[in-house]
Amino acid sequence: TALVKMLSSCSKVGDPRPGEPYKGGAFCAFLPGNREGQKTAMLLKKAFERGLTFQIKSCNGEERVTWGPIPHKTSWDGGKPRNGYPDAQYLREVCTVL
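All of the points below concern the structure found in this document. This one's a predicted model, so the numbers in the text were calculated from it and none came from an experiment.

Some points on the overall build of the protein chain
And step 1. Of regular secondary structure, the protein chain possesses two helices and four strands.
And step 2. Taken across its 98 residues, the protein chain has 30% of its residues classed as buried.
And step 3. Restricting to contacts in the protein chain with at least 6 residues of sequence separation, those with at least 24 account for 47%.
And step 4. For the protein chain, the exposed surface amounts to about 6700 Å²; the carbon and sulfur share of it is 54%.

Considerations on the pairing of strand 4 (residues 62-67)
And step 1. Pairing between strand 3 (residues 54-59) and strand 4: six bridges, direction antiparallel. When the sheet's bridge partners are listed, glutamine 55 is paired in strand 4 with threonine 66.
And step 2. Here strand 3 folds back onto strand 4, and the loop between the two strands holds two residues, one of which, asparagine 60, carries a positive phi near 55°.

With respect to the packing of helix 1 (residues 35-49) against helix 2 (residues 90-97)
Helix-helix packing is characterised by the crossing angle of the two axes and by the distance between the axes.
And step 1. Between helix 1 and helix 2, the least distance of the axes is 10 Å, while the angle of their chain directions is 25°. In terms of orientation, helix 1 lies roughly parallel with respect to helix 2. Relative to helix 2, the crossing made by helix 1 is left-handed. In this structure, helix 1 uses Glu36, Gly37, Thr40, Leu43 and Leu44 to contact helix 2, whose residues at the interface are Leu91, Val94 and Cys95.
And step 2. A per-class count over the contact of helix 1 with helix 2 returns five nonpolar, two polar and one charged.

Section: the nonpolar core
And step 1. Counting nine residues, the largest nonpolar core consists of Phe30, Leu31, Leu44, Ala47, Ile70, Tyr85, Tyr90, Leu91 and Val94.
And step 2. Looking at this core, the element that brings in the most residues is helix 2, giving three residues.

Quick look at the packing of aromatic side chains
And step 1. Within this structure, the stated rule accounts for six aromatic pairs.
And step 2. With 4.6 Å between their ring centres and 55° between their planes, phenylalanine 27 and phenylalanine 54 make a pair best called tilted. One end of the pair, phenylalanine 27, is in strand 2 (residues 21-30); the other, phenylalanine 54, is in strand 3, and 27 residues separate them in sequence.
And step 3. With relative accessibility at 12%, the residue phenylalanine 54 sits in the buried group.
And step 4. Taking the centre distance of 5.2 Å and the plane angle of 20° together, the rings of phenylalanine 54 and tryptophan 67 count as stacked. Here tryptophan 67 lies in strand 4 and phenylalanine 54 lies in strand 3, a separation of 13 residues in the sequence.
And step 5. Connected via pairs of aromatic rings, a cluster forms that spans Phe27, Phe48, Phe54 and Trp67.

Describing the environment of leucine 44
And step 1. Mapped onto the secondary structure, leucine 44 falls in helix 1.
And step 2. For the pair formed by leucine 44 and valine 94, sequence separation is 50 residues and the distance between their alpha carbons is 9.0 Å.

Here we look at helix 1
And step 1. Taking 1.5 Å of rise per residue, 15 residues should cover 21 Å, and helix 1 covers 21 Å from first to last C-alpha, within 8% of that figure.
And step 2. Taken together, the buried positions of helix 1 are occupied by Gly37, Thr40, Leu44 and Ala47. On an axial view of helix 1, the arc spanned by its buried residues comes to 75°, and they lie on one face. Set apart from the buried face of helix 1 by more than 90 degrees, the exposed residues are Arg35, Gln38, Met42, Lys45 and Glu49.
And step 3. One side-chain oxygen of the residue at the start of helix 1 lies 3.2 Å from the amide nitrogen of glutamate 36, identifying that residue as asparagine 34.

Basis of the calculations
Residues numbered from 1 in each chain as written. Predicted model: local features only at pLDDT ≥ 70, side-chain atom pairs only at ≥ 80, totals over all residues. Heavy atoms only, no water. Helix = DSSP H or I, 4+ residues; strand = E, 2+ residues; numbered from the N terminus. Buried < 20%, exposed > 50% of the residue type's maximum accessible area, 1.4 Å probe, protein only. Contact = heavy atoms within 4.5 Å. Areas by Shrake-Rupley, 256 points an atom, 1.4 Å probe, with all protein chains shown as cover. Pairing = 2+ DSSP bridges. Axes fitted to C-alpha atoms, helices over the stretch in contact; angles between N-to-C directions. Parallel < 35°, antiparallel > 145°, perpendicular 65-115°, else oblique. Left-handed = near helix turned anticlockwise from the far one by under 90°. Nonpolar A, V, L, I, M, F, W, Y, C, P; charged D, E, K, R; others polar. Core = buried A, V, L, I, M, F, W, Y, C linked by side-chain atoms within 4.5 Å. Phe/Tyr/Trp six-rings, centres within 6.5 Å; stacked < 30°, edge-to-face > 60°. Expected span 1.5 Å × (residues − 1). Arc of directions from axis to C-beta. Polar contact = N/O pair within 3.5 Å; in protein donor to acceptor, adjacent residues only side chain to side chain.

As C-alpha coordinates, then:
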(Lines give C-alpha, C1' and ligand atoms only; values in the text may rest on other atoms or scores of the structure.)
Protein backbone atom coordinates (compact mmCIF):
# COMPACT_ATOMS: atom_id res chain seq x y z
CA THR A 1 0.00 0.00 0.00
CA ALA A 2 1.43 3.39 -0.91
CA LEU A 3 0.52 6.73 0.66
CA VAL A 4 1.10 9.80 -1.47
CA LYS A 5 0.30 13.37 -0.46
CA MET A 6 0.77 16.60 -2.42
CA LEU A 7 1.01 19.79 -0.37
CA SER A 8 0.57 23.46 -1.13
CA SER A 9 -0.51 25.66 1.74
CA CYS A 10 0.48 28.41 4.17
CA SER A 11 2.91 27.96 6.97
CA LYS A 12 1.79 28.05 10.59
CA VAL A 13 3.14 29.50 13.83
CA GLY A 14 6.56 28.02 14.55
CA ASP A 15 7.48 27.71 10.86
CA PRO A 16 10.28 29.89 9.44
CA ARG A 17 7.89 32.53 8.02
CA PRO A 18 4.43 32.04 9.60
CA GLY A 19 1.52 32.88 7.30
CA GLU A 20 3.64 32.92 4.15
CA PRO A 21 2.78 30.53 1.31
CA TYR A 22 5.17 27.73 0.48
CA LYS A 23 5.35 25.24 -2.32
CA GLY A 24 4.70 21.64 -1.41
CA GLY A 25 6.17 18.49 -2.81
CA ALA A 26 5.33 14.91 -3.61
CA PHE A 27 6.04 12.45 -0.81
CA CYS A 28 5.52 8.70 -0.96
CA ALA A 29 5.58 6.16 1.84
CA PHE A 30 4.85 2.44 1.91
CA LEU A 31 2.98 0.22 4.34
CA PRO A 32 2.25 -3.50 4.23
CA GLY A 33 -1.24 -4.40 2.99
CA ASN A 34 -2.18 -6.27 6.17
CA ARG A 35 -4.25 -5.42 9.27
CA GLU A 36 -1.32 -3.77 11.06
CA GLY A 37 -0.52 -1.71 7.96
CA GLN A 38 -4.15 -0.57 7.70
CA LYS A 39 -4.22 0.42 11.37
CA THR A 40 -1.00 2.36 10.89
CA ALA A 41 -2.44 4.08 7.79
CA MET A 42 -5.40 5.32 9.85
CA LEU A 43 -3.05 6.70 12.52
CA LEU A 44 -0.88 8.36 9.86
CA LYS A 45 -3.99 9.94 8.33
CA LYS A 46 -4.92 11.44 11.72
CA ALA A 47 -1.37 12.73 12.14
CA PHE A 48 -1.53 14.29 8.66
CA GLU A 49 -4.87 15.97 9.42
CA ARG A 50 -3.32 17.44 12.59
CA GLY A 51 -0.34 18.83 10.70
CA LEU A 52 2.20 16.45 12.23
CA THR A 53 3.40 14.59 9.12
CA PHE A 54 5.42 17.37 7.49
CA GLN A 55 7.43 20.36 8.61
CA ILE A 56 8.96 23.40 6.96
CA LYS A 57 12.70 23.94 7.25
CA SER A 58 14.91 26.76 6.01
CA CYS A 59 17.69 25.68 3.70
CA ASN A 60 19.97 28.26 2.08
CA GLY A 61 17.40 31.01 2.67
CA GLU A 62 14.57 29.03 1.13
CA GLU A 63 11.78 27.25 2.97
CA ARG A 64 11.32 23.59 2.08
CA VAL A 65 8.70 21.03 3.02
CA THR A 66 10.28 17.96 4.61
CA TRP A 67 9.10 14.90 6.48
CA GLY A 68 8.28 15.62 10.11
CA PRO A 69 9.34 13.55 13.13
CA ILE A 70 7.16 10.54 12.23
CA PRO A 71 9.26 7.82 10.55
CA HIS A 72 8.09 6.70 7.10
CA LYS A 73 9.18 3.87 4.84
CA THR A 74 10.04 5.58 1.57
CA SER A 75 11.37 2.51 -0.22
CA TRP A 76 10.21 -1.05 -0.84
CA ASP A 77 13.69 -2.35 -0.09
CA GLY A 78 17.04 -1.42 1.41
CA GLY A 79 16.08 -2.24 4.98
CA LYS A 80 16.08 0.13 7.91
CA PRO A 81 19.28 1.98 6.87
CA ARG A 82 17.56 3.15 3.65
CA ASN A 83 14.07 3.73 5.11
CA GLY A 84 12.85 0.57 3.43
CA TYR A 85 11.78 -2.97 4.09
CA PRO A 86 12.55 -5.44 5.55
CA ASP A 87 12.26 -3.83 8.98
CA ALA A 88 10.45 -6.07 11.43
CA GLN A 89 10.25 -3.31 14.07
CA TYR A 90 8.86 -0.50 11.89
CA LEU A 91 5.12 -0.86 12.52
CA ARG A 92 5.67 -1.10 16.26
CA GLU A 93 8.04 1.89 16.25
CA VAL A 94 5.81 4.15 14.13
CA CYS A 95 2.73 3.29 16.20
CA THR A 96 4.67 4.23 19.35
CA VAL A 97 5.54 7.61 17.82
CA LEU A 98 1.97 8.13 16.63
